[in-house]
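# Descriptive analysis of the structure
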Amino acid sequence: KRKRYNLAIKEYNEFLKNQVNHPKTDYATFKLIKTHSLLISAKDKNDDPAKEILRLYGSLSAVYKSTEYMEETEKIYKKAKRFILKRAIYVANFYIKKGEYESALGRLENTEILIPNLVNNSSEAQYLIVLSKIKTLNDPDKETLINYYKKKFPNSKFTEELQELL
């Protein structure tokens, strides 16, 4: 087996475009999503396949959602969202180490648009957002930002670091 995922993606897209009423469109849609998931790799830091999975998931028909493929599709979708979050945190940490807090905040805010619940419920992502806001805003209300964080994540390992900024 040779891993020719990009060719497979092209072929599935062509099939779906040209065979709208074919009985195997649900299967082709599943294979398209599955193939994109195979392009997600810890070695390759490209998050485009994961973003494409989110886009495809958002466009699934009601008919598809009732097929036998939906359970596996849900797993792939959740994996893609987690990958995007991990990648955003990794990149934000990279920017913060370089002192580029505005870039870190921008990356996390863009990620928040894509996967709002995951970012809002991630103690690490929220820590990086609060830290970046404190470092970049002209007159941040540090105490309000930190107290909000502490209330939302009372057992976070990042609370002490934020307290030191007061």
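Everything discussed here concerns the structure shown above.
### What about the pattern of salt bridges?
When their charged atoms lie close together, side chains carrying opposite charge are able to pair. This model, assessed by the stated rule, comprises six salt bridges. Residue Arg 107 is joined to Asp 47 by a salt bridge in which the shortest nitrogen-to-oxygen separation is 3.2 Å. A residue pair is termed long-range when its members are at least 10 positions apart, and Arg 107 in helix H6 (residues 101-114) and Asp 47 in the loop between helix H2 (25-38) and helix H3 (48-58) qualify at 60 residues. Among the residues examined, Arg 107 registers a relative accessible area of 25% and is labelled partly exposed. Among the charged side chains, a network of salt bridges with common partners joins Asp 47, Lys 51 and Arg 107.

### With respect to the packing of aromatic side chains
The geometry of an aromatic ring pair comes down to the distance between the two centres and the angle between the two planes. Considering all chains together, one arrives at seven aromatic pairs under this definition. Relative to Phe 158, the ring of Tyr 127 has its centre 4.5 Å away and its plane inclined at 15°; by these criteria the two rings are stacked. Highlighted residues: Tyr 127 in helix H8 (residues 123-136) and Phe 158 in the loop between helix H9 (142-152) and helix H10 (159-163), separated in sequence by 31 residues. Pair check on accessibility: Tyr 127 and Phe 158 agree, each one buried. Site record: aromatic cluster; members linked through ring pairs are Tyr 27, Phe 30, Tyr 64 and Tyr 69. Note that Lys 24 overlies the ring of Tyr 27, its terminal NZ or CZ placed 5.9 Å from the centroid.

### A few points about helix H5 (residues 70-97)
Counted at 1.5 Å a residue, the expected span for H5 with its 28 residues is 40 Å, and the 41 Å between its end C-alpha atoms agrees. Once H5 ends, the next one or two residues include Gly 99, with phi positive near 80°.

### Points about the side chain of Thr 111
For Thr 111, the position within the fold is in helix H6. Judged by relative accessible area, which is 5%, Thr 111 ranks as buried.

### Quick word on the nonpolar core
Judged by nonpolar contacts, the single largest core of 43 residues is most densely connected at Leu 108, Tyr 127, Leu 128, Val 130, Tyr 149 and Leu 162. Of all elements in the fold, only H2, H3, H5, H6, H8 and H9 reach the threshold of two or more residues within this core. For this core, the leading source of residues is H5, giving 11 residues. Once residues lying within four places of it in the same chain are set aside, the contact partners of Tyr 149 are Ser 123, Gln 126, Tyr 127, Val 130, Ser 156, Phe 158, Thr 159 and Leu 162.

### Some remarks on the environment of Ser 103
Its location among the elements puts Ser 103 in helix H6. By relative accessible area, which is 31% here, Ser 103 ends up partly exposed.

### Observations concerning a positive patch on the surface
A surface patch of like charges, here positive, comprises Lys 78, Lys 79, Arg 82 and Lys 86. Turning to its location among the elements, Arg 82 is positioned in helix H5. A relative accessible area of 45% means that Arg 82 is categorised as partly exposed.

Quick notes on the rules
- Residues numbered from 1 in each chain as written.
- Predicted model: local features only at pLDDT ≥ 70, side-chain atom pairs only at ≥ 80, totals over all residues.
- Heavy atoms only, no water.
- Salt bridge = Lys/Arg side-chain N within 4 Å of Asp/Glu carboxyl O.
- Helix = DSSP H or I, 4+ residues; strand = E, 2+ residues; numbered from the N terminus.
- Buried < 20%, exposed > 50% of the residue type's maximum accessible area, 1.4 Å probe, protein only.
- Phe/Tyr/Trp six-rings, centres within 6.5 Å; stacked < 30°, edge-to-face > 60°.
- Lys NZ or Arg CZ within 6 Å of the ring centre and 35° of its normal.
- Expected span 1.5 Å × (residues − 1).
- Core = buried A, V, L, I, M, F, W, Y, C linked by side-chain atoms within 4.5 Å.
- Contact = heavy atoms within 4.5 Å.
- Patch = residues over 30% accessible without salt bridge, like charges linked within 9 Å, V, L, I, M, F, W, Y side chains within 5 Å.
- Areas by Shrake-Rupley, 256 points an atom, 1.4 Å probe, with all protein chains shown as cover.
- Lys, Arg positive; Asp, Glu negative; His and termini not counted.
- Charge placed at Lys NZ, Arg CZ, Asp CG, Glu CD.

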